Amino acid sequence: MTVTSIILFLVIGGIAGWLAGLVIKGKGQGLLGNIIVGCIGALIGGLIFGWLEIKAGGLVGALVVAFIGAIVLLYLVKLLKK
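Here goes a summary of the coordinates provided. Predicted, not measured: the structure shown is a model, and the values here were computed from it.

Digging into the overall build of the chain
Working step 1: Scanning the chain for helices and strands turns up three helices and zero strands.
Working step 2: Its C-alpha radius of gyration of 12 Å places the chain within 12% of the 12 Å reference for a compact globule of 82 residues.
Working step 3: Along the first, second and third principal axes, the C-alpha set of the chain runs to 40 × 30 × 15 Å.
Working step 4: Within the chain, the proportion of its 82 residues that are buried is 28%.

Concerning helix H2 (residues 31-51)
Working step 1: Over its 21 residues, H2 runs 30 Å from end to end, which matches the ideal 30 Å to within 8%, given 1.5 Å per residue.
Working step 2: Every buried residue of H2 is listed here: Asn34, Val37, Gly38, Cys39, Gly41, Ala42, Gly45 and Phe49.
Working step 3: Considering only its buried residues, H2 is in contact with helix H1 (3-24) and helix H3 (58-81).

What about the nonpolar core?
Working step 1: Counting residues in each nonpolar core, the largest one holds six residues, listed as Ala20, Ile24, Val37, Ala70, Leu73 and Leu74.
Working step 2: Listed by contribution, the elements that provide at least two residues to this core are H1 and H3.
Working step 3: Here the element with the most residues in this core is H3; it accounts for three residues.
Working step 4: Among residues more than four places away in sequence, those in contact with Leu73 are Val37, Ile40, Gly41 and Ile44.

Some thoughts on unusual backbone geometry
Working step 1: For Glu53, which is not a glycine, the phi torsion comes out positive at approximately 55 degrees.
Working step 2: Secondary-structure assignment places Glu53 in the loop between H2 and H3.
Working step 3: With a relative accessible area of 68%, Glu53 lands in the exposed category.

Each value, and the rule that gives it
- Residues numbered from 1 in each chain as written.
- Predicted model: local features only at pLDDT ≥ 70, side-chain atom pairs only at ≥ 80, totals over all residues.
- Heavy atoms only, no water.
- Helix = DSSP H or I, 4+ residues; strand = E, 2+ residues; numbered from the N terminus.
- Rg over C-alpha atoms; globule rule 2.2 N^0.38 Å.
- Buried < 20%, exposed > 50% of the residue type's maximum accessible area, 1.4 Å probe, protein only.
- Expected span 1.5 Å × (residues − 1).
- Contact = heavy atoms within 4.5 Å.
- Core = buried A, V, L, I, M, F, W, Y, C linked by side-chain atoms within 4.5 Å.

In structure tokens form, the structure reads like this:
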């Protein structure tokens, strides 16, 4: 992995985590929290999209995958907190 790809992964993760936080919680989790949620969400989204055999390419595709995975992550966390 190059430095550029790592930075891009963190930026996409931060945006996806922030957007998912807005959808599920009504607010973000802070910069570091958004990045963590988005990066874990990217892994979860990648698994989901892989199981469903859906291809998502480019930056927009990566953002969509991370966003959907982050929503799933935050929803599961919300269920476990009840």
